[in-house]
Amino acid sequence: MAATSARSVAWQWLAVAAAVAAASLIGGTPAEARRGGKESIGFYELRRGEFSVVVTNWGATILTVNLPDKNGHIDDVVLGYKDIGSYVNDTTYFGALVGRVANRIAGGRFTVKGHAFHTYKNDGNNTLHGGHRGFNQVFWSVRERATGHFPYITFYYRSYDGEQGFPGALDVLVTYKIDGDYSFSVTMYARPVDDGKPTPVNLAQHTYWNLRGHGNGTILDHSVQIFASAVTPVGAGLIPTGAVSPVSGTPFDFRAPAAPGARIADVPGGGYDINYVLDGEADGQGVRKVAVVSEPTSGRVLELWSDQPGLQFYTGNFLKGDEGKGGARYVKHGGLCLETQDYPDAVHNAKFPTEIYRKGQEYKHYMLYKFSLAKK
């Protein structure tokens, strides 16, 4: 994709934003907008030089990330739909902020303090990414926004008591910020509101990356390094068994850089979709490098830093030629996700780090993406 093409896609999104005002977009709008409610869709660009990120308050979603390759060509390196209407009722989670509980809850049921709660089952017999109307399927309000050398935007959402079956109201904030010439961070906070109603919380950022440029083939030849010596293996329905298993001698071992395509045929289910138990001594802020991805043609390198205990590595196994931005078609393995998180289904595994929060406690989740070019 040429520089003008990548920039035009970003500006198309921004131009559409000016015409929204709860009216119609190609492919339709969320139900609240169609009913003439107060909510409206906004599109917001964070820019520093040639590096830019475009986000929307629908699902607190990342729509584009534009940056140069080794030859100076600007490409959009995240997968996404051609219009906002396609994000409504989406089950691919392109760029979405997912919750109240990311990943799967077995049986759509869990117990807190002896009380059973039933969550909406949207993945067979299980709840996935908060249910059929998780945080990716709601309007977020803009709490704060700043421009300048370090532009940022903060979205806010109040999740109500009983939403998708989860107990207690929950205040949620997510801030997207450009922290440097080619880096941006995602900071998530959540605070239970109601006394006596503890709730599970596990948020995740579900962007699909293709460092060659979205729609440019698969990620099977990308180089991936994950700083983790173990995974939480899964059984039926991709539900963790409760075990923590070493990656040594398995196709899940990415402690040294390797291409996913080299061993993907040995992975059950046709691709990677598993939680890694992250290694490393955290610094004083609880943050350490958790993964590095590079792509040889473009020379682009992505480092991911985070304070979370786990990372879901997913290789776009369920992409089936989905139509994306600029007419692109996203083939199977056309993008990869690096979702830092608590361990999946922790509500059913006492040995996993807890994800239950009470009023007076604060959930925090930090991610930092650092981009560079490979050294020659």
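Residues numbered from 1 in each chain as written. Predicted model: local features only at pLDDT ≥ 70, side-chain atom pairs only at ≥ 80, totals over all residues. Heavy atoms only, no water.

Caption draft 1: Seen up close, the overall build of the protein. Secondary structure assignment for the protein yields two helices and 28 strands. The buried share of the protein, taken over its 376 residues, is 57%. Of the contacts made within the protein by residues no fewer than 6 positions apart, 67% connect residues no fewer than 24 positions apart. Accessible surface, the protein: about 14,800 Å² in total, of which carbon and sulfur atoms supply 52%. (Helix = DSSP H or I, 4+ residues; strand = E, 2+ residues; numbered from the N terminus. Buried < 20%, exposed > 50% of the residue type's maximum accessible area, 1.4 Å probe, protein only. Contact = heavy atoms within 4.5 Å. Areas by Shrake-Rupley, 256 points an atom, 1.4 Å probe, with all protein chains shown as cover.)

Caption draft 2: Focus on the confidence of the model for the protein. Across the protein, pLDDT averages 90, with 88% of residues at or above 70. This stretch, residues 1-11, has a pLDDT under 50; its non-local contacts, to residues over four places away or in other chains, come to 22 contacts. This stretch, residues 13-36, has a pLDDT under 50; its non-local contacts, to residues over four places away or in other chains, come to 44 contacts. (pLDDT = per-residue confidence, 0-100.)

Caption draft 3: Quick peek at the packing of aromatic side chains. As enumerated under the stated definition, the model contains 28 aromatic pairs in all. Ring centres 5.8 Å apart and planes at 85° place the aromatic pair Phe-252 and Tyr-272 in the edge-to-face group. You can see Phe-252 sitting in the loop between strand 19 (245-246) and strand 20 (273-278) and its partner Tyr-272 sitting in the loop between strand 19 and strand 20, a full 20 residues away along the chain. A network of ring pairs unites the aromatic residues Tyr-81, Tyr-87, Phe-94, Tyr-208, Tyr-314, Phe-318 and Tyr-330 as a single cluster. Seen from the ring of Tyr-156, Arg-143 lies directly overhead, with NZ or CZ sitting 4.3 Å from the centre. Of note, Arg-263 hangs over the ring of Phe-254, and the distance from its end group to the ring centre comes to 4.8 Å. (Phe/Tyr/Trp six-rings, centres within 6.5 Å; stacked < 30°, edge-to-face > 60°. Lys NZ or Arg CZ within 6 Å of the ring centre and 35° of its normal.)

Caption draft 4: Representation of the environment of Arg-47. Looking at the secondary structure, you find Arg-47 in strand 1 (residues 43-48). With a relative accessible area of 29%, Arg-47 lands in the partly exposed category. Residues Arg-47 and Pro-151 lie 104 residues apart in sequence; the distance between their C-alpha atoms is 7.0 Å. The contact partners of Arg-47, leaving out residues within four places of it in the chain, are Ser-52, Gly-148, Pro-151 and Ile-178. Within the structure, the side chain of Arg-47 is placed 3.2 Å from the side chain of Glu-45, a separation counted as a polar contact. Polar contacts involving the side chain of Arg-47 include one to the main-chain carbonyl oxygen of Gly-49, which spans 2.8 Å. (Polar contact = N/O pair within 3.5 Å; in protein donor to acceptor, adjacent residues only side chain to side chain.)

Caption draft 5: Inspection of the side chain of His-333 at higher detail. Turning to its location among the elements, His-333 is positioned in the loop between strand 25 (329-330) and strand 26 (336-341). Separated by 3.4 Å, the side chain of His-333 and the backbone oxygen of Gly-270 make a polar contact. Apart from residues no more than four positions distant in its own chain, His-333 is found in contact with Thr-218, Ile-219, Leu-220, Ile-264, Gly-270, Gly-271, Thr-315, Gly-316 and Asn-317.

Caption draft 6: Representation of the UniProt feature "binding site: beta-D-galactose" (unreviewed entry) in the protein within the structure. The positions UniProt marks with the feature "binding site: beta-D-galactose" (unreviewed entry) are Asn-103, Arg-104, His-206, Thr-207, Tyr-208 and Asp-273. Secondary-structure assignment places Tyr-208 in strand 16 (residues 208-209). The residues touching Tyr-208, leaving out its near neighbours within four places in the chain, are Val-77, Val-78, Leu-79, Thr-92, Tyr-93, Phe-94, Tyr-314, Gly-316, Leu-319, Gly-335, Leu-336 and Cys-337. By the secondary structure assignment, Asp-273 is in strand 20. (UniProt positions renumbered as here; feature names shortened; annotations may be inferred.)

Caption draft 7: Broad picture of the pairing of strand 26. Judged by how many residues are buried, strand 26 sits mostly within the fold: six of six residues are covered. As defined by bridge partners, strand 16 adjoins strand 26 across two bridges and the pair is classed as antiparallel. Paired with Trp-209 across the two strands is Leu-336, which belongs to strand 26. Across five bridges, the pairing between strand 23 (residues 310-314) and strand 26 is antiparallel. Residue pairing across strands places Gly-310 opposite Gln-341, the latter belonging to strand 26. (Pairing = 2+ DSSP bridges.)

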